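# A structural walkthrough
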Amino acid sequence: MFQAHYQVLRPLTTAHLAQTMTLLSLTADELRQNIDAELASNPALEMIEERRCPTCHRLLPDHGSCPVCSRPQSISSDDPVVFVSPSEDFYSGGSIPVDEIPEEHFSPITEDLPTYVLSQIATELAQADRRLAAYLLTHLNEDGLLTTTLEEVARYYHIPLSKVAAIQHIIQRAEPIGVGSCTTQEALLVQLDVLSETRPIPELACNIIRDGMELLTHRQYGELARLFQVSLHQIQSAVKFISENLNPFPARTHWGDVRQPTPQASQVYHRPDILINHLNDDPGNPLVVEIILPYNGTLRVNPLFRQAIQQSSLEKREDWKNDLERASLYVKCLQQRNHTMQRLMLRIVSFQKEFILHGEKYMKPITRAQISQELQVHESTISRAVASKTVQLPNRRIIPLSEFFDRSLNVRYILREMINRETHPLSDSELVNLLAEKGYSVARRTVAKYRSMEGILPAHLRHAMLQPA
DNA sequence: CTATGGCACGGATT
DNA sequence: AATCCGTGCCATAG
């Protein structure tokens, strides 16, 4: 019995280790696919029926009662509760018409955006056109812009350019609006066009994008004013309109708070792998961390299969024993994965609690290496576990798990604060001094980098933005 | 002369 | 082994 327990915690074979590693690095979505595949190919595995909590309707883990509802109040409110939740619910919304998409243009594991867009426009398109749309959508870069040209596509499929353009037109009008454009300029114009259907738009904004794009991207507002024969102030309000209502990179979305268009605004993620909430959404309650396990029920080795081996013919027996081995290994690996994720999240959440509750300002720097030491696992284990996973915070924001290891986030936040409050444009070196007073030691060059990361103009250009009122 | 952005190096991360 | 990030050095703009 000691042996059995030990195996869960420590991989004994290299196969076990390798597979656990693989599982660890999968997102919830990918994990589901992996499990489905294993389930289909191995008759010794079975999924036993789901058990739901009568109160909150969550799916229950293998044994015992609901980890959320039955949480004893006696538990210290400082301890976050971490558990693995087989919660299919969260995933029920996003079913994708997979069978309608030609195999060769569809990679369900890696791409979320293409299928998202395609599912919106599928009904508008004839069967033959879907193939074309899918092709276009698989040639998007991370910003949602086309990485190929319409001419190339037309040549590739031997169809008229106008046909391709028509498909692109439809794609561009799906969410996120402007997706599938060839350039940022085109994306902005499409957004402007769509916007104009519902409300008036300043004509100047339109003209700036159409004829002054070059100047706009370099933020040369003075030049723009001269070009269009209007005042600097008019340009500024048009720019304000553009940055508040339009997004040159359709695939990037920024969240509600009023901020400059950040060059690398956070991506939007549809489905997190981990949920962090307050128990019953009451901020007084301890934090509850759910690690999403997107299958319905509990995976185990089928006991009937084990019996059946006894009565099977000799030549089959070898194969079946093999299946059995694989099945039990798989279950073990899955447990191993969940165990590691659980310990990891417990550590992260208790360490970064202030950040989770009160925002970026309270992010504490931590490295993966540190955590790997505390948890007594190899650092690559942590790397894999952290990479490509996303977390939903109590405020409903969804961020990559790796953000918990971003040592510059708090400094960047302070930097934003200082610049927002400034009465006189502060130069980068002045900012360095101010940060040093607050106990953050960063190099001047680094401040400049952070500034551009946050999409904040250099001091001499900020001057004009300050008093347009 | 000052403020800033580009390039490259070293250490951490993957 | 490859890549990312913070930083120092240098060229350029104002």
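Residues numbered from 1 in each chain as written. Chains lettered and ligands numbered in written order. Predicted model: local features only at pLDDT ≥ 70, side-chain atom pairs only at ≥ 80, totals over all residues. Heavy atoms only, no water.

### Focus on helix α19 (residues 428–437)
Residues of α19 that are buried include every one of D428, L431, V432 and L435, and no others. Seen along its axis, α19 keeps its buried residues to an arc of 105°; they face one direction. Counted as exposed and oriented over 90 degrees from the buried face of α19: N433 and E437. Against α18 (409–421) and α20 (444–453) lie the buried residues of α19. G439 lies just past α19 and shows a positive phi near 90°. (Buried < 20%, exposed > 50% of the residue type's maximum accessible area, 1.4 Å probe, protein only. Helix = DSSP H or I, 4+ residues; strand = E, 2+ residues; numbered from the N terminus. Arc of directions from axis to C-beta. Contact = heavy atoms within 4.5 Å.)

### Digging into the protein's contact with DNA strand C
Around DNA strand C, the surrounding shell consists of S408, V442, A443, R445, T446, K449 and Y450. Across the atoms of DNA strand C situated within 4 Å of the protein, the share located in sugar and phosphate is 67%. Contacts to DNA strand C include A443, whose backbone N or O atom sits 3.4 Å from a phosphate oxygen. At 2.9 Å, a side-chain N or O of K449 approaches a base oxygen of DNA strand C. For the surface near DNA strand C, the residue count by class is 3 nonpolar, 2 polar and 2 charged. (Near = heavy atom within 4 Å. Polar contact = N/O pair within 3.5 Å; in protein donor to acceptor, adjacent residues only side chain to side chain. Nonpolar A, V, L, I, M, F, W, Y, C, P; charged D, E, K, R; others polar.)

### Comments concerning the environment of H460
Along the chain, the position of H460 falls in helix α21 (residues 459–466). C-alpha separation for the pair H460 and P425, spaced 35 residues apart in sequence, amounts to 7.1 Å.

### Structural notes on the confidence of the model for chain A
Any residue range with low pLDDT should be treated as having predicted coordinates unsuitable for detailed reading. Summing up the model confidence of chain A, the mean pLDDT is 74 and the portion of residues at 70 or higher is 74%. Note that residues 88–111 has pLDDT below 50 and, in this model, 40 contacts with residues that lie over four places away or in other chains. The low-confidence segment residues 254–269 (pLDDT under 50) makes 34 contacts with residues lying over four places distant or belonging to another chain. (pLDDT = per-residue confidence, 0-100.)

### Some details on the pattern of salt bridges
Tallied over the full model, the rule gives 11 salt bridges. Between D323 and R326 there is a salt bridge whose closest N-O contact spans 3.8 Å. Here R326 and D323 lie together in helix α14 (residues 314–351), a separation of 3 residues that amounts to about one turn. You can call D323 buried: its relative accessible area is 14%. Beyond isolated ion pairs, a larger network of salt bridges with shared partners links E360, D406, R412, R416 and E454. (Salt bridge = Lys/Arg side-chain N within 4 Å of Asp/Glu carboxyl O.)

### As for the packing of aromatic side chains
If you walk through the whole model with that rule in mind, you get 2 aromatic pairs. Summarising the aromatic geometry, the rings of F355 and F404 are spaced 5.4 Å apart at their centres and angled 90° between planes, so their arrangement reads as edge-to-face. One end of the pair, F355, is in helix α15 (residues 353–358); the other, F404, is in the loop between β7 (398–400) and α18, and 49 residues separate them in sequence. Here the guanidinium or amino end of K364 rests over the ring plane of F351, the centre of that ring lying 4.7 Å away. (Phe/Tyr/Trp six-rings, centres within 6.5 Å; stacked < 30°, edge-to-face > 60°. Lys NZ or Arg CZ within 6 Å of the ring centre and 35° of its normal.)

### Thoughts on the protein's contact with DNA strand B
DNA strand B sits among 14 residues. The nearest are T367, R368, D428, R445 and R451. Between DNA strand B and R444 there is a distance of 3.3 Å, counted from a base nitrogen to a side-chain nitrogen or oxygen. The separation between a phosphate oxygen of DNA strand B and a polar main-chain atom of A459 is 2.9 Å. Those elements that place two or more of their residues in the surface near DNA strand B are α17 (379–386), α19, α20 and α21. Among the elements that make up the surface near DNA strand B, the one with the highest residue count is α20 (4 residues). Of the residues assigned to the surface near DNA strand B, the class counts are 2 nonpolar, 5 polar and 7 charged.

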